[in-house]
Amino acid sequence: GDSVTQMEGPVTLSEEAFLTINCTYTATGYPSLFWYVQYPGEGLQLLLKATKADDKGSNKGFEATYRKETTSFHLEKGSVQVSDSAVYFCALFSGGYQKVTFGTGTKLQVIP
Amino acid sequence: ETGVTQTPRHLVMGMTNKKSLKCEQHLGHNAMYWYKQSAKKPLELMFVYSLEERVENNSVPSRFSPECPNSSHLFLHLHTLQPEDSALYLCASSQESATYTDTQYFGPGTRLTVL
């Protein structure tokens, strides 16, 4: 079945450091890929998405490229801020609403 | 109010209580979802409703009973829960077609504690 694997957290970075959170997936068909972010005490918010191979999703300085050849959708940001501290979830949607798979989440802590 | 709202935000209940969680979406979507989020575990999809009909039930215990009276409202009725049911319960909505799942939008969640 479908699966999403994220790097274990927590990830601790200093402000203005470069961020990479790895995400790889296995899926049948051609899934859409998403990154969601969850701030403390809140629900999940869509951060970015990509619906086909080689698409790049971007938002708020975050980027991720849909790599079909490596089945990856790594999240990157050039310069993190303290306000980026949150839990980040990689997810894939394939074949309709019942085919929704989330990763376990990666906690990011950015220190001043 | 916009987006997806959930009430209550926090709930503490005993194992013999009956309570309900409420979700409302203001996005004009035609599908709604209940998820369970437990520490150290992936998000678990519990129920899916499309056009007010249940289309997915991922082997959820019968002590959880969903209700979708219309496309904007979703309830999760709880009775005789166990302490391991303590978790954050998230509601989401999306616009569906027969073969495509659009982006899911989430509510803030209800933090449930079962004593």
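Quick summary incoming for the structure in this document. Keep in mind the model is a prediction, meaning the values are calculated, not measured.

Calculation notes
Residues numbered from 1 in each chain as written. Chains lettered and ligands numbered in written order. Predicted model: local features only at pLDDT ≥ 70, side-chain atom pairs only at ≥ 80, totals over all residues. Heavy atoms only, no water. Helix = DSSP H or I, 4+ residues; strand = E, 2+ residues; numbered from the N terminus. Rg over C-alpha atoms; globule rule 2.2 N^0.38 Å. Buried < 20%, exposed > 50% of the residue type's maximum accessible area, 1.4 Å probe, protein only. Pairing = 2+ DSSP bridges. Axes fitted to C-alpha atoms, helices over the stretch in contact; angles between N-to-C directions. Contact = heavy atoms within 4.5 Å. Buried area = accessible area lost by both parts, 1.4 Å probe. Salt bridge = Lys/Arg side-chain N within 4 Å of Asp/Glu carboxyl O. Polar contact = N/O pair within 3.5 Å; in protein donor to acceptor, adjacent residues only side chain to side chain. Core = buried A, V, L, I, M, F, W, Y, C linked by side-chain atoms within 4.5 Å.

Counting secondary structure elements, chain B contains zero helices and eleven strands. Sequence-ordered secondary structure for chain B, helices as α and strands as β, is β-β-β-β-β-β-β-β-β-β-β. By the compact-globule yardstick of 13 Å for 115 residues, chain B fits well, its C-alpha radius of gyration being 13 Å. Seen through its principal axes, chain B has C-alpha atoms that stretch 40 × 30 × 30 Å. Counting only residues that meet the buried cut, chain B has 48% of its 115 residues in that class.

We now examine the sheet that holds strand β3 (residues 18-25) of chain B. All names here are of chain B. The strand order β1-β3-β8-β7 describes an open sheet built from four strands, whose pairing is antiparallel. Only two strands of the sheet have a single neighbouring strand rather than two, namely β1 (4-7) and β7 (64-70). Neighbouring strand axes in the sheet, compared pairwise and without regard to direction, differ in orientation by 20° on average. Strand direction decides the pairing type here: β1 and β3, joined by four bridges, are antiparallel. Counterpart to Thr7 in the pairing with β3 is Lys22.

The next subject is the interface of chain A and chain B. Tallying the contact residues gives 21 residues for chain A and 23 residues for chain B. At the boundary of chain A with chain B, total buried surface from both sides reaches about 1700 Å², with 59% on carbon and sulfur atoms. Inspection of the chain A/chain B interface yields zero salt bridges. Across the contact surface, chain A and chain B share five residue pairs in polar contact (both at pLDDT 80 or more). Contributions of two or more residues to the side of chain A that touches chain B are made by β5 (32-38), β6 (44-50), β10 (86-93) and β11 (100-102) of chain A.

Counting residues in hydrophobic clusters, the biggest one holds 26 residues, and the most contacted among them are Trp35(A), Leu47(A), Leu48(A), Phe73(A), Leu75(A) and Tyr88(A). Elements with a contribution of two residues or more to this core: β2 (11-14), β3 (19-21), β4 (23-26), β5, β6, β8 (62-65), β10 and β12 (106-111) of chain A. A per-element tally of this core places β10(A) first, with four residues. For Leu75(A), the contacting residues outside a window of four places in its chain are Leu19(A), Thr20(A), Ile21(A), Trp35(A), Leu47(A), Leu48(A), Phe62(A), Glu63(A), Ala64(A) and Tyr88(A). If you look at the next biggest cluster of nonpolar residues, it comprises 22 residues, including Met13(B), Trp34(B), Met46(B) and Leu76(B).

We now examine the side chain of Ser38(B). Looking at where Ser38(B) falls in the secondary structure, it is placed in the loop between β4 (31-37) and β5 (44-50). The class of Ser38(B) is buried, set by a relative accessible area of 15%.

On to the pattern of salt bridges, then. All names here are of chain A. Considering all chains together, one arrives at five salt bridges over all chains under this definition. Salt-bridge contacts for Lys56 lead to Glu63; the nearest nitrogen and oxygen are separated by 3.6 Å. As a salt-bridge pair, Asp84 and Lys77 come within 2.8 Å of each other at their nearest N and O atoms.

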